[in-house]
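# Breakdown of the fold
So the chains spell out like this:
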Protein chains: 2
Amino acid sequence: LTSRSLDRESGCTVFFKCENFQRTGSFKIRGASQAVHGLTAEQKERGVVAHSSGNFAQAIALAASSAGVPVCVVMPRTATRSKLDATRAYGAEVVLCEPTAEDRERLADELVAQRQATLVHPSNDLEVIRGQATAAIELFEQIPDLEYLFVPIGGGGLIAGCCLAAREFAPACQVVGAEPLVVDDAYRSLISGRIERNQTTDTIADGLKTYLGDNNFPIIQRHVKQIVRVSETQILDALNLIWQRMKIVVEPSAAVPLAALLNQKQLFENRRVGVLISGGNVDVASLRFLSGADSPPTDRAVF
Amino acid sequence: LTSRSLDRESGCTVFFKCENFQRTGSFKIRGASQAVHGLTAEQKERGVVAHSSGNFAQAIALAASSAGVPVCVVMPRTATRSKLDATRAYGAEVVLCEPTAEDRERLADELVAQRQATLVHPSNDLEVIRGQATAAIELFEQIPDLEYLFVPIGGGGLIAGCCLAAREFAPACQVVGAEPLVVDDAYRSLISGRIERNQTTDTIADGLKTYLGDNNFPIIQRHVKQIVRVSETQILDALNLIWQRMKIVVEPSAAVPLAALLNQKQLFENRRVGVLISGGNVDVASLRFLSGADSPPTDRAVF
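One structure accompanies this document, and this report is about it.

Criteria and cut-off values
- Residues numbered from 1 in each chain as written.
- Chains lettered and ligands numbered in written order.
- Predicted model: local features only at pLDDT ≥ 70, side-chain atom pairs only at ≥ 80, totals over all residues.
- Heavy atoms only, no water.
- Helix = DSSP H or I, 4+ residues; strand = E, 2+ residues; numbered from the N terminus.
- Buried < 20%, exposed > 50% of the residue type's maximum accessible area, 1.4 Å probe, protein only.
- Contact = heavy atoms within 4.5 Å.
- Areas by Shrake-Rupley, 256 points an atom, 1.4 Å probe, with all protein chains shown as cover.
- Lys, Arg positive; Asp, Glu negative; His and termini not counted.
- Charge placed at Lys NZ, Arg CZ, Asp CG, Glu CD.
- Axes fitted to C-alpha atoms, helices over the stretch in contact; angles between N-to-C directions.
- Parallel < 35°, antiparallel > 145°, perpendicular 65-115°, else oblique.
- Left-handed = near helix turned anticlockwise from the far one by under 90°.
- Nonpolar A, V, L, I, M, F, W, Y, C, P; charged D, E, K, R; others polar.
- Pairing = 2+ DSSP bridges.
- Salt bridge = Lys/Arg side-chain N within 4 Å of Asp/Glu carboxyl O.
- Phe/Tyr/Trp six-rings, centres within 6.5 Å; stacked < 30°, edge-to-face > 60°.

Across its full length, chain A carries 12 helices and nine strands. Counting the 303 residues in chain A, one finds 57% classified as buried. Sequence separation of at least 24 residues holds for 68% of the intrachain contacts in chain A that already meet a minimum separation of 6. Of the roughly 12400 Å² of accessible surface on chain A, 47% is carried by carbon and sulfur atoms. Taking the average location of the 31 positive side-chain charges in chain A and that of its 34 negative ones, the two points are 3 Å from each other.

A separate point is the packing of helix α2 (residues 28-37) of chain B against helix α7 (residues 126-142) of chain B. Residue and element names in this part refer to chain B. The geometry of α2 relative to α7 is characterised by a closest axis approach of 7 Å and an angle of 135 degrees between their N-to-C directions. Judged on the interaxial angle alone, α7 and α2 are oblique. Handedness of the α2/α7 crossing: right-handed. Residue-level contacts link K28, R30, G31, Q34 and A35 of α2 to E127, V128, R130, G131, Q132, T134, A135 and E138 of α7. Across the contact of α2 with α7, the residue classes break down as three nonpolar, five polar and five charged.

With that out of the way, let us pick up the sheet that holds strand β6 (residues 148-152) of chain A. In a beta sheet, neighbouring strands pair by backbone hydrogen bonds and run either parallel or antiparallel. Residues and elements named next belong to chain A. With parallel pairing, the five strands of this open sheet are ordered in space as β1-β9-β6-β7-β8. Where the open sheet ends on each side, the last strands, each with one partner, are β1 (13-18) and β8 (226-230). Between one strand axis and the next, the sheet turns through 25 degrees on average, direction left out of account. Of the strand pairs in this sheet, β6 and strand β7 (residues 174-180) are connected by five bridges, and their pairing is parallel. Note that in β7 the partner of P152 across the bridge is A178. Each of β1, β6 and β9 (272-277) is contacted by helix α7 (residues 126-142), which is oriented at about 135 degrees to β1, the strand it contacts most.

Now for the pattern of salt bridges. Note that side chains of opposite charge can pair when their charged atoms are close. For the structure on display, the rule yields 36 salt bridges over all chains. Of the charged contacts in the structure, one is a salt bridge between D184 of chain A and R229 of chain A, with a shortest N-O distance of 2.8 Å. A residue pair is termed long-range when its members are at least 10 positions apart, and D184 of chain A in the loop between β7 and α9 (185-192) and R229 of chain A in strand β8 qualify at 45 residues. Residue classification places D184 of chain A among the buried residues on the basis of a relative accessible area of 9%. With its nearest N and O atoms 2.9 Å apart, the salt bridge here joins R130 of chain B to E127 of chain B. Residue R130 of chain B and its partner E127 of chain B are both found in helix α7; the two are separated by three residues, about one turn of the helix. Here E127 of chain B falls in the partly exposed class, since its relative accessible area comes to 25%.

The next thing to look at is the packing of aromatic side chains. Residues and elements named next belong to chain A. All told, the structure shown has five aromatic pairs over all chains when counted by the stated rule. Here the aromatic rings of F150 and F268 are separated by 5.0 Å at their centres, their planes lie at 75 degrees, and the arrangement is edge-to-face. Residue F150 is located in strand β6, and its partner F268 is located in the loop between α12 (256-263) and β9; the two are separated by 118 residues in the primary sequence. Summarising the burial analysis for this pair, F150 and F268 share the class buried. Members of the aromatic cluster, joined through ring pairs, are Y148, F150 and F268.

Dropping the structure here:
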């Protein structure tokens, strides 16, 4: 998608790759499908195990079950009912764990051992990274002369895939990372040369709290020259702009790349810039105006 | 746009014509452009006058000013600041009136007389009706075998245009009207044979409170066999479905046709059905989670 109004706002020509329209509502289905596709016949029979509290849960559920592969997803017992229900509806068995990274990984490892299943990591699995690359490949096919591509960094799988795609299909295009200031682990990792973790996770961009992995970090180190960090206010402003001007529903994490571009727009003036909109999974029912609980609307404003 | 999930929900194959992505955020720019295009050189010089509290204000502002035609829009002094600002930003002079139909029309007539300008009515002007027809024409070009087309009824210009389009380009396609129960003036007009008005206007679908005109009503009488009325709850449910499943921002009025289809879905099973999404102008900033005023998000839910 393009937007005259956001071109004006940013001073460059922006091409949005809208993964909020993707099946299961985010780019995650790409990597999940690729991972399932790469299994041997025997692995397919034994099934896959994954752990996720977010978009990857639904993605691996759909990717595996539509290929006839048994799938079990470890999810924190604090996950919203809508996420648990959606993951089950896509055909996964859901196993609940305590809401800590340790418990989640321990339980997933146990299940893998018990079932001789294959663990699919949401961002560090090499097949997953290759799958995510297809988002950028499609954008390069449509806009071959893209000069920059802004990508959010959570676990690092998406941006690593985009780097591989750029290297092969758009070597003149620089991949720019985008990260919330309060979870700037990737930014710090590039500086220190080792995988850093976050001490704070209090960001509205809840998909970007995770840290890099040993497969995707070297790719990011090699290819990403710049990571732009943004404040929570900048994320909210960018989110607002996307909803209001582009008329699309995106999740807060998906607004981080536009926030980064606007934050540093003097560097990208008149450039052709890609912005990867990573997903659109927000719980719309929890938006006050849609709950029906409010007083009736007045003439003044609808909501 | 299409949606597997909404196809499942409705039991038919739905093709959404998404006018929320249209310039100025609604289909109104079509009729406004057509009306401006149809002016003589002398009329263009003298300018146009319109009255609108909604999407037509911005549409006629942009259509006229981008053709170099002076444009003055009479708007109720109770209109939201964002609407007033947007209309001015698109190049219109805005004249404020009392928030009554009488004052609005009186003031517009005065301005027309003073300036020898041309009045452009948002839904009853024949050029405007012809312009709105292009929304349906584009849909028929893409989906030639459409069997039904659901269209919201406010002032009647859009549905009248869609009827003319169907007659010429898709004679096998039936145009179905959709209206909120509490403003079912068109439904009652079809029964009584004369233009009825509304006693109640307390609907979330604020674009559909107006009544039909003497140019569009005969077209609607001749071509529309069915108007489906929906409750406020059904509108909210449809709005929620569109935002949540399709990931697009639409205004409440734009959800009325889907609400109507779902309300009567047994009649349209396995049919190929068009749904006209009329616009996407909602004040996103007033959605609570985007205001930034709330407490920081938790792990449990984003908003």
